[in-house]
Number of protein chains: 2
Amino acid sequence: MHSLDPLTPAEINLVASLIKKANADNTVHFKNIDLIEPPKKVLRKYLFAERNGSVPLPALPRLASALYYHRGTPNLFVATVDLDASRVTRIKKLESRYYGQADMDEVVEVRDACLRHPKVVDRIKSYGLPDNMTVVCDTWPYGRDSDQLNRRIAQCYLYAKDRSHPGYNSYDNPLPFSPVIDYLTKELIDIIELPLGSDHSVTPEVKHVHHVNKEWHHDLNSLPKRADLKPLTVHQPLGASFTVDEHLVQWQKWRFRVGFNWREGMVIHDVTYDGRELFHRLSLSEMFVPYGDPRTPYSRKSVFDVGDIGAGVAANNLALGCDCLGLIKYFSFTLSDSNGNPVPKPNAICMHEIDDGIGWKHTDGATKEVSIVRSRVLVLQTIITVGNYEYIFKWHFDQAAGLHYIIQATGILSTVPIAPGVKVPWGTNVNHGVMAPYHQHVFSLRIDPTLDGDKNSLVEEDSVAMPFDEENPCGVGYITKTNVVSTSGTSQAVNNRVHKIVNPSVINRISGKPVAYAIHSPQKQMLLAHPDSWHGKRAKFALHPYWVTAYRDGELYAAGDYTYQSLPDDVAMEDDSVNKGDVATWAKRGDKVDNEDIVLWHSVSLTHNPRPEDYPVMPCETMMVSLKPSGFFEQNPALDVPQSTQRMNKSVLFEEEAPAAGSRSGACCGISKL
Amino acid sequence: MHSLDPLTPAEINLVASLIKKANADNTVHFKNIDLIEPPKKVLRKYLFAERNGSVPLPALPRLASALYYHRGTPNLFVATVDLDASRVTRIKKLESRYYGQADMDEVVEVRDACLRHPKVVDRIKSYGLPDNMTVVCDTWPYGRDSDQLNRRIAQCYLYAKDRSHPGYNSYDNPLPFSPVIDYLTKELIDIIELPLGSDHSVTPEVKHVHHVNKEWHHDLNSLPKRADLKPLTVHQPLGASFTVDEHLVQWQKWRFRVGFNWREGMVIHDVTYDGRELFHRLSLSEMFVPYGDPRTPYSRKSVFDVGDIGAGVAANNLALGCDCLGLIKYFSFTLSDSNGNPVPKPNAICMHEIDDGIGWKHTDGATKEVSIVRSRVLVLQTIITVGNYEYIFKWHFDQAAGLHYIIQATGILSTVPIAPGVKVPWGTNVNHGVMAPYHQHVFSLRIDPTLDGDKNSLVEEDSVAMPFDEENPCGVGYITKTNVVSTSGTSQAVNNRVHKIVNPSVINRISGKPVAYAIHSPQKQMLLAHPDSWHGKRAKFALHPYWVTAYRDGELYAAGDYTYQSLPDDVAMEDDSVNKGDVATWAKRGDKVDNEDIVLWHSVSLTHNPRPEDYPVMPCETMMVSLKPSGFFEQNPALDVPQSTQRMNKSVLFEEEAPAAGSRSGACCGISKL
């Protein structure tokens, strides 16, 4: 077994049984069971030996962590288990300020408790729904709008839907009141009336008003389906170009390991290209979705989809011919439930190749000689469902040593009720009586670089016009100015600034400059919530697009280890092996980050002011971050890709006419005539 | 024949013969022969009637223009030909400040004149090239660094290359001197010594120094080709989903016409979706490539690739299985040479469908019901070769009524000589003795919208945080502020600003706001050359990302009709049917553009500071501008796309194992387990 392999069902069972044994009262309620990756120093030795085929590999500890409650009590415990020795090596009771995420078993319990509560039942009754409608409950993290919050609670948003088919839109009839339930006691704390007008006022006496529903389910939306879309299939008659050995993938000079855990979901480890180290670890560190409606309770409506729910927990079971097209490799994993039982996550990641158009082309102007290659891309994809929303996360590996992280948002908008005829400046009406508030999705992409080794730096490169002077007599000259970030902190995205990861000790023989990878990511608007708001204080990572810190083991999550109802946490805890604050805490250490083992945290922000076109289900909204070599190689890394030929590509002419001029079958390419 | 069909060979012959007849001296040297599209007012009536199947269609004039010299004379003439009446209706001699573009016949003559000139021959001889090397000549537009320039001349950049194979890299041995040739007289005006150091000084006595060449051609680069890339083919067993009638294309509710001319190349006309008008005309209006090296002669190095060369003239002959993959429809066209003879442009545009991943997906959290559709995209692609560079231009039509303009830069960097060991701040060394200067590519995308009619407006929409007050007690609220641009001029790209085209007279019943399309385009750094530099004055469009003007017939080109050695032209000419300035001139008119027939000019800028990885041939650098409905429809326009099914997609499992869990063959999709 490889040191980075995700936990096996047997290991999960072992952890659970050991924790239960250590807690005789038989009330253990697991929040999660997770692999503790080995310390980077020893892990890198291990990976280096493995890559170079040295045997035996250095022995590494195989450790797991367990986070759990005792049922009916508010105290959160974190334990460490030595899997080799089959013993619990550490149990710590966490400070009361920390809460565990809501696990799915608990969510089901709270949904039931909410919908069964007499007060809620009465309130629903008084709302006057037609008989064909039932009510469903979404349990949202309560968020935080005060420092007085001292119990773990759920904000329940209720929706009415037709009960005659399980696919009816669960978000098209938002109810105008929202129960608040205690996760521990399951008691009803409050029923909050929702504002229906354009101000903060509420109107509790409002009754259900019928409107024509908008349905996303293929059985239910009333539209005739398009009949003129012909099948398009992808074939790889000689098989895939990649090889897979358990979690090790090799493809077109790339070599990396696929990881997976309950929180981050898909993780990419130990990425090398043509034998050179590029990245030690790539992961979705956190994700924050704050809403822009200033009214209670929406003013606290926000969720850390990674820390509060878990990108691994929420991963879809991907299906052949639906979520991917072509020759597909699936990766399956195992997580655990609240009793510590293994829960299979089949097909949580799919991997396949796609054709991505032209890789490079040139035609010599004088001789008309042509070379052209197509661009083949290796795709690793995972999809998560978080309540109403879906997120698609993809890594694209290309043949020119480029690595691209693609985020797509789809699914259903979070909707709230609104009175007929009313419009608000912080949201869009998407159906009669249904409003979708403005919101943002801010993702934290954690990049642990190892460009030719683990001593790297972050460089800011700006293109700057030269002054209009004797050196620049025509006023057309411009140069690049670079700034090496020497101390941990933030970096801004300004006018065309390029952020580069460099290894100052390795000089490119052609350019004469340190080898580098550039981070290409469109300039975005960061968190719109005030920095002093609870959103701003709880999700500091969302305030700046780039953060750089000195690497420390265990610092994996941009908003901290425990995000549920989190209090701003700028101070390291007395026991810093448990909670080490958030990326802002670490950035403030003032660590030296020039030519050091650094970690980059890139915040990617999508300001989503909904369109009617995003409803009742949203066409994919796509963002991309590219990691591209920029002086890492001495020439085009894709120069050795074979020519594109009709013999290989077997394209077909639309008309049955004679092949178009220049289509020499099997030839490299047509002749370009200028 | 349709009124927008490109000129036929017969029509080109007719124009040429009529112009020659009208100029008895038999010395006509054609620069171009082009269709004059009918005035928009009558054309729209015609298109409306055509779309609605009215017969007979309104009669429209079929006119062509011819731009020409008389051989051996400097005077440029523009003529109008009535093709129906077979007569020349107008001939105008242009002011001497206007120059015609360099046509390919002329370029060949100048290349020969340059390389045959005794002084150039001697200078090459003294440079001491080895016997196996020959010299090639690239004729660059001279550009402009003074207002005294009053003859049409070419800046010749010379390169040595191995003569033993026609595919050797023409840019890997740039010579340190550059002849200047007069296009009219073919005389040698000057031989300019190029700076080889890090300052303006020159060293004429320098001799050729050998280095190991970097080769792009598949026969010549010494690398072993990758052997592990397996074939990937795309099949449409039931044929394409589109229909084509001459230049009319219909696909998935889209309907539009494909146009093509010598200057803009691919043009998209009369775009409708589901019968609703969206865009009257979409084209690449201009493109400017200025270099950032401040030294003579590079300080004037710049080219308008559309106006100085012609995107149609430079269009590649696309080949089956190389430039496109799958089931391909090709469009072929006809241009003309300097004698007015028709020149075929076979396969100048290819069209095909691609799978673009997931279109939309949702899984109901409680019932686990899933709907998913894949995204099919219709691609229209054209590729141009302009000397060293290639540009790929693609229109992507998607099923959610989104339209995407994709620009890819590939080919070879423009290189200059540099002394061994020298580095400069305005360029990157890409081989020993070879430097690639920083430069920008600024494209002007001309968008002539007709959202539900031709009365549209440009709106700037900003997302703005609300003040921290009693209306926004938690400091989390934000709203959108919109500004309708009322007068022709520019608009800036600032923090997440969204530019929308709206029809103020048509209100979306769901959102309650005017129907709109949003322009999504990453914020870029605009022209780095000083606004008062010749670059800045000749390419004003490149100074701002968005321009809006009131529509006028004939205003098609952002930098003006005649870009070759153009003088800044802010004043309308006395005969405004000939030259009407540039987009800055038109924007300054102060026309009313709110709820009017408007034109948008979007400048897309790529600041290209070369990487060694961009050499000896550049992996595609990609930019995308998206035109997406934003309250144009009342719900997701792709809601009626059929479900993705394995029955249709015929994907294959990587392993020969039993189908992975959830891969119900032919079923819609796997079940997602949270």
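Residues numbered from 1 in each chain as written. Chains lettered and ligands numbered in written order. Predicted model: local features only at pLDDT ≥ 70, side-chain atom pairs only at ≥ 80, totals over all residues. Heavy atoms only, no water.

So, on to the overall build of chain A. Assigned secondary structure in chain A consists of eight helices and 33 strands. Against the compact-globule benchmark of 26 Å for 674 residues, chain A has a radius of gyration of 27 Å, which places it among compact chains. If you line up chain A on its principal axes, its C-alpha atoms span 85 × 65 × 60 Å. The proportion of buried residues among the 674 residues of chain A is 67%. (Helix = DSSP H or I, 4+ residues; strand = E, 2+ residues; numbered from the N terminus. Rg over C-alpha atoms; globule rule 2.2 N^0.38 Å. Buried < 20%, exposed > 50% of the residue type's maximum accessible area, 1.4 Å probe, protein only.)

Here we come to the pattern of salt bridges. A full pass over the atoms with the stated rule returns 78 salt bridges over all chains. Between Asp-364 of chain A and Lys-161 of chain B there is a salt bridge, with the nearest N and O atoms lying 3.6 Å from each other. Remark: Lys-161 of chain B occurs in strand β6 (residues 153–162) and Asp-364 of chain A occurs in the loop between β17 (342–363) and β18 (370–386); the pair is interchain, linking two chains. The same class applies to Asp-364 of chain A as to Lys-161 of chain B, namely buried. A salt bridge links Glu-37 of chain B to Arg-281 of chain B, with the nearest nitrogen and oxygen atoms 2.8 Å apart. Highlighted residues: Glu-37 of chain B in the loop between β1 (28–36) and α2 (40–51) and Arg-281 of chain B in strand β14 (residues 276–290), separated in sequence by 244 residues. What emerges from the salt-bridge pattern is a single network uniting Arg-44, Glu-50, Arg-51, Arg-255, Arg-257, Asp-270, Glu-277 and Asp-454 of chain A. (Salt bridge = Lys/Arg side-chain N within 4 Å of Asp/Glu carboxyl O.)

To continue, consider the interface of chain B and chain A. Residue-level contacts link 194 residues of chain B with 194 residues of chain A. Summing both sides of the interface, chain B and chain A together bury roughly 16100 Å²; the carbon and sulfur share of this comes to 56%. Our count for the contact surface shared by chain B and chain A stands at eight salt bridges. At the junction of chain B with chain A, the criterion picks out 97 residue pairs in polar contact (both at pLDDT 80 or more). In terms of residue count, strand β17 (residues 342–363) of chain B provides more of the side of chain B that touches chain A than any other element does, twelve residues in total. In the side of chain B that touches chain A, the residues fall into 85 nonpolar, 71 polar and 38 charged. Pairing of strand β9 (residues 233–235) of chain A with strand β9 (residues 233–235) of chain B, which is carried by three bridges, proceeds in the antiparallel orientation. When the bridges of β9 of chain B are listed, Val-234 of chain A appears paired with Val-234 of chain B. (Contact = heavy atoms within 4.5 Å. Buried area = accessible area lost by both parts, 1.4 Å probe. Polar contact = N/O pair within 3.5 Å; in protein donor to acceptor, adjacent residues only side chain to side chain. Nonpolar A, V, L, I, M, F, W, Y, C, P; charged D, E, K, R; others polar. Pairing = 2+ DSSP bridges.)

Residue and element names in this part refer to chain A. Under the definition given, this model contains 54 aromatic pairs over all chains. For the ring pair Tyr-273 and Phe-633, a centre distance of 5.5 Å and an interplane angle of 75° mean the geometry is edge-to-face. Of this pair, Tyr-273 sits in strand β13 (residues 265–273) while Phe-633 is found in the loop between β32 (618–629) and α8 (646–649), placing the two residues 360 residues apart along the sequence. Per residue, the accessibility class of Tyr-273 equals that of Phe-633, and both read buried. Plain terms: the ring middles of Phe-288 and Phe-304 are 4.5 Å apart, the flat faces sit at 35° to each other, and that makes the pair tilted. Separated by 16 residues along the polypeptide, Phe-288 in strand β14 (residues 276–290) and Phe-304 in strand β15 (residues 302–304) bring together distant segments of the chain. For the pair Phe-288 and Phe-304, one class covers both residues: buried. Counting every residue linked through ring pairs, the aromatic cluster contains Trp-254, Phe-256, Tyr-273, Phe-279, Phe-397, Tyr-517, Phe-632 and Phe-633. (Phe/Tyr/Trp six-rings, centres within 6.5 Å; stacked < 30°, edge-to-face > 60°.)

A few words on the sheet that holds strand β28 (residues 498–507) of chain A. If you trace the eleven strands from one edge of the open sheet to the other, you get β26(A)-β25(A)-β28(A)-β29(A)-β32(A)-β20(A)-β19(A)-β18(A)-β17(A)-β16(A)-β33(B), paired in mixed fashion. The sheet is open, and its two edges are formed by β26 (478–484) of chain A together with β33 (652–653) of chain B, each paired on a single side. Across the sheet, helix α1 (residues 9–22) of chain A is in contact with β16 (327–336) and β17 of chain A; its angle to β16 of chain A comes to roughly 10°. (Axes fitted to C-alpha atoms, helices over the stretch in contact; angles between N-to-C directions.)

It takes a turn of 180° to lay chain B on chain A, together with a shift of 0.0 Å along the axis; the resulting RMSD is 0.0 Å. In symmetry terms, the pair is related by a two-fold rotation axis. Taking the C-alpha atom as reference, chain B places Val-234 of chain B closest to the rotation axis, 2.3 Å from it. The overlap is high: 100% of the interface residues of chain B also sit at the interface in chain A, so the same surface is used on both sides. (Least-squares fit on C-alpha atoms with pLDDT ≥ 70 in both.)

Residues and elements named next belong to chain A. Listed under "modified residue: 2',4',5'-topaquinone" (unreviewed entry) in the UniProt record, and renumbered for this structure, are Tyr-389. Along the chain, the position of Tyr-389 falls in strand β19 (residues 389–397). Looking at Tyr-389, the relative accessible area reads 3%, which means it is buried. Excluding residues within four positions of it along the chain, Tyr-389 makes contact with Tyr-291, Ile-384, Thr-410, Ile-412, Leu-413, His-439, His-441, His-608 and Met-618. (UniProt positions renumbered as here; feature names shortened; annotations may be inferred.)

Let's shift gears to unusual backbone geometry. Residue and element names in this part refer to chain A. Going from Thr-296 to Pro-297, the amide bond is cis rather than trans, its omega being 0°. With respect to the helices, strands and loops of the structure, Pro-297 is situated in the loop between β14 and β15. You will see that Ser-86, though not glycine, has its phi angle at about 50°, which is positive. With respect to the helices and strands, the residue Ser-86 is situated in the loop between β3 (76–82) and β4 (87–93). Overall, Ser-86 belongs to the partly exposed group, its relative accessible area being 36%.

A few words now on the state of the cysteines. Residues and elements named next belong to chain A. Considering all chains together, one arrives at two disulfides over all chains under this definition. Here Cys-324 pairs with Cys-350 through a disulfide, and the sulfurs are 2.2 Å apart. A torsion of -95° about the S-S bond marks the disulfide between Cys-324 and Cys-350 as left-handed. Separated by 26 residues along the polypeptide, Cys-324 in the loop between α5 (305–309) and β16 and Cys-350 in strand β17 bring together distant segments of the chain. Taking the relative accessible area as the measure of exposure, Cys-350 reaches 0% and is therefore buried. (Disulfide = S-S within 2.5 Å.)

All names here are of chain B. Contact geometry for helix α3 (residues 104–116) and helix α4 (residues 118–127): axes closest at 5 Å, N-to-C directions at 60°. Here α3 is positioned oblique relative to α4, judged by the angle of their axes. Counting all contacts with α3, which are made through Cys-114, Leu-115 and Arg-116, the residues of α4 involved are Pro-118, Val-120, Val-121 and Ile-124. A per-class count over the contact of α3 with α4 returns six nonpolar, no polar and one charged. (Parallel < 35°, antiparallel > 145°, perpendicular 65-115°, else oblique.)

On to the side chain of Asn-32 of chain A, then. Residue and element names in this part refer to chain A. With respect to the helices and strands, Asn-32 occurs in strand β1 (residues 28–36). For Asn-32, a relative accessible area of 7% corresponds to the buried category. Those residues in contact with Asn-32, other than ones at most four positions away along the chain, are Ser-65, Ala-66, Leu-67, Gln-101, Trp-262 and Ser-336.

Looking now at the environment of Ile-406 of chain B. Residue and element names in this part refer to chain B. Inspection of the secondary structure puts Ile-406 in strand β20 (residues 403–411). On a C-alpha basis, the gap between Ile-406 and Phe-393 in space is 5.8 Å, while along the polypeptide they are 13 residues apart. Beyond its immediate chain neighbours, meaning those up to four positions away, Ile-406 contacts Ile-392, Phe-393, Lys-394, His-396, Thr-622, Met-623 and Met-624.

Residue and element names in this part refer to chain B. As for its placement among the helices and strands, Leu-149 is situated in the loop between β5 (133–141) and β6. The exposure class assigned to Leu-149 is buried, which follows from its relative accessible area of 16%. In this structure the C-alpha to C-alpha distance between Leu-149 and Asp-199, which are 50 residues apart in sequence, comes to 26 Å.

All names here are of chain B. Among the nine residues in strand β19 (residues 389–397), nine count as buried, and that is most of the element. Direction of pairing for strand β18 (residues 370–386) relative to β19: antiparallel, over a ladder of nine bridges. Note on β19: the bridge partner recorded for Val-386 is Tyr-389. As consecutive antiparallel partners, β19 and β20 are separated by five residues, and within that stretch Ala-401 has a phi angle of approximately 70°, a positive value.

Take the environment of Pro-531 of chain A next. All names here are of chain A. Within the secondary structure, Pro-531 sits in the loop between β29 (514–520) and α6 (534–538). For the pair Pro-531 and Ala-542, spaced eleven residues apart in sequence, the C-alpha to C-alpha distance is 9.6 Å. Apart from residues no more than four positions distant in its own chain, Pro-531 is found in contact with Gly-536, Lys-537 and Leu-543.

Right, let's get into the sheet that holds strand β22 (residues 427–431) of chain B. Residue and element names in this part refer to chain B. Strand order in the open sheet made by the three strands is β21-β23-β22, with antiparallel pairing throughout. Of all the strands in the sheet, the pair left with one neighbour each is β21 (416–417) and β22. With two bridges joining them, β21 and strand β23 (residues 434–437) adopt antiparallel strand pairing. Bridged to Val-416 within β23 is Met-435.

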